[in-house]
Amino acid sequence: GDSVTQMEGPVTLSEEAFLTINCTYTATGYPSLFWYVQYPGEGLQLLLKATKADDKGSNKGFEATYRKETTSFHLEKGSVQVSDSAVYFCALSAPGGANSKLTFGKGITLSVRP
Amino acid sequence: DAGVIQSPRHEVTEMGQEVTLRCKPISGHNSLFWYRQTMMRGLELLIYFNNNVPIDDSGMPEDRFSAKMPNASFSTLKIQPSEPRDSAVYFCASSLRQEETQYFGPGTRLLVL
């Protein structure tokens, strides 16, 4: 079945550091890929997405490129801020069929210190 | 748009009591999802509906859990009887179609004593 694997956490960085959070997936067909973010005490919200190979999703300084050859969708940000402290979830959706839905990774906690 | 609305935001109850969580999806969305989030197990999909019909309830832990969606603007998740291990944050999410971007509510934080 479909699955998403995220790197183990938590991750702690200093402000203005470079961020990479790895995500790889297993799916049939051509899934859409998503990054969701969960700030403390809130629900998940969509950060960015990409729907086909080589697409780059971007939002709030975060970027992720859909790499079909490596089945990856790594999240990057050039300079993190304290306000980026949150839990980040990678997810995929394989459209088509009655059971299509989002499959989430386990999430990784990012803490950014001043 | 008001977004996904969940109530109550916090619930504290005693073991054995019935608990009902409520969700109002975004107007026009055809799919609705119930999730549970705990430190130990992370985010788990419990059940989801498409056009008010339950599609996959394989994530529902046991018979004590039930979910209904009587119309396109309302869903409930019921736990009867509740147990301490049900303590978690329960999220409702909706999407235009089941494979598209999901919009999450703020969650209900449940504590069963």
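It should be noted that the structure appears before, not after, this text.
The following paragraphs examine the structure supplied in this document.

Residues and elements named next belong to chain B. Applying the stated rule across the entire model yields two disulfides over all chains. Note that Cys23 is cross-linked by a disulfide to Cys92, the S-S spacing being 1.9 Å. Because the torsion about its S-S bond is -65°, the bridge between Cys23 and Cys92 counts as left-handed. On the criterion of sequence distance, the pair formed by Cys23 in strand β3 (residues 19-24) and Cys92 in strand β9 (residues 88-95) is long-range, its members being 69 residues apart. Summarising the burial analysis for this pair, Cys23 and Cys92 share the class buried.

On to the layout of surface pockets, then. In this structure, the largest pocket occupies an estimated 830 Å³ of space. As for the largest pocket, its lining consists of 36 residues, of which Gln38(A), Val87(A), Gln37(B), Thr38(B) and Met39(B) are closest to the centre. Those elements that provide at least two residues to the lining of the largest pocket are β1 (3-6), β10 (86-93) and β12 (108-113) of chain A together with β4 (31-38), β5 (42-50), β9 and β11 (108-112) of chain B. One number sums up the size of the second largest pocket: a volume of about 340 Å³. Together, 19 residues line the second largest pocket, and Thr103(A), Phe104(A), Leu43(B), Glu44(B) and Leu45(B) are the ones closest to its centre. When contributions to the lining of the second largest pocket are tallied by element, the ones reaching two or more residues are β11 (102-104) of chain A together with β5 of chain B. At six residues, β5(B) tops the list of elements feeding residues into the lining of the second largest pocket.

A few words on the sheet that holds strand β3 (residues 19-21) of chain A. Residues and elements named next belong to chain A. As summarised here, the arrangement of the four strands in space is β3-β9-β8-β7, forming an open sheet in which the pairing is antiparallel. Edge strands, defined here as strands with exactly one partner in the open sheet, are β3 and β7 (56-59). On average, adjacent strands in this sheet sit at an angle of 15° to one another, irrespective of strand direction. As paired strands, β3 and strand β9 (residues 75-77) are joined by three bridges and run antiparallel to one another. Of the residues in β9, the one forming a bridge with Thr20 is Glu76.

Attention shifts here to the interface of chain B and chain A. Of the residues lining the interface, 18 residues belong to chain B; the matching set on chain A comes to 19 residues. Note on chain B versus chain A: buried area summed over both sides is about 1,400 Å², and carbon and sulfur give 53% of it. Taken as a group, Glu99(B), Thr101(B) and Phe104(B) account for 34% of the area that chain B buries against chain A, more than any other trio of residues on that side. In this structure, the connection of chain B to chain A is made through zero salt bridges. Inspection of the region where chain B meets chain A yields three residue pairs in polar contact (both at pLDDT 80 or more). Elements represented by at least two residues in the side of chain B that touches chain A include exactly β4, β5 and β6 (53-56) of chain B.

Residue and element names in this part refer to chain B. The element β4 is largely enclosed, with a buried count of seven among its eight residues. Direction of pairing for β4 relative to β5: antiparallel, over a ladder of eight bridges. Directly across from Phe33, in β5, lies its bridge partner Tyr48. Here β4 folds back onto β5, and the loop between the two strands holds three residues.

Another point: a nonpolar patch on the surface. Residue and element names in this part refer to chain B. Taken together, Val12, Leu111 and Leu113 make up a surface patch of nonpolar side chains, about 290 Å² in accessible area. Note that Leu111 resides in strand β11. Residue classification places Leu111 among the partly exposed positions, given a relative accessible area of 41%.

A separate point is the sheet that holds β3(B). All names here are of chain B. A sheet is described by the order of its strands in space; here four strands give the open sequence β1-β3-β8-β7, paired in antiparallel fashion. On the outer flanks of this sheet lie β1 (5-7) and β7 (65-71), each paired with one strand and no other. Neighbour to neighbour, the strand axes of the sheet diverge by 15° on average, direction disregarded. In this sheet, strand β8 (residues 74-79) lies alongside β7 in antiparallel orientation, the contact comprising five bridges. Counterpart to Asn71 in the pairing with β8 is Phe74.

Definitions and cut-offs
Residues numbered from 1 in each chain as written. Chains lettered and ligands numbered in written order. Predicted model: local features only at pLDDT ≥ 70, side-chain atom pairs only at ≥ 80, totals over all residues. Heavy atoms only, no water. Disulfide = S-S within 2.5 Å. Helix = DSSP H or I, 4+ residues; strand = E, 2+ residues; numbered from the N terminus. Buried < 20%, exposed > 50% of the residue type's maximum accessible area, 1.4 Å probe, protein only. 1 Å grid on protein atoms, 1.4 Å probe; cavity = no way out; pocket = protein on both sides within 12 Å on 5 of 7 lines; lining within 4 Å. Points joined across faces, edges and corners; volume = space filled by probe spheres on them. Pairing = 2+ DSSP bridges. Axes fitted to C-alpha atoms, helices over the stretch in contact; angles between N-to-C directions. Contact = heavy atoms within 4.5 Å. Buried area = accessible area lost by both parts, 1.4 Å probe. Salt bridge = Lys/Arg side-chain N within 4 Å of Asp/Glu carboxyl O. Polar contact = N/O pair within 3.5 Å; in protein donor to acceptor, adjacent residues only side chain to side chain. Patch = residues over 30% accessible without salt bridge, like charges linked within 9 Å, V, L, I, M, F, W, Y side chains within 5 Å. Areas by Shrake-Rupley, 256 points an atom, 1.4 Å probe, with all protein chains shown as cover.

Such coordinate-based values are descriptive only and should not be taken to indicate function.
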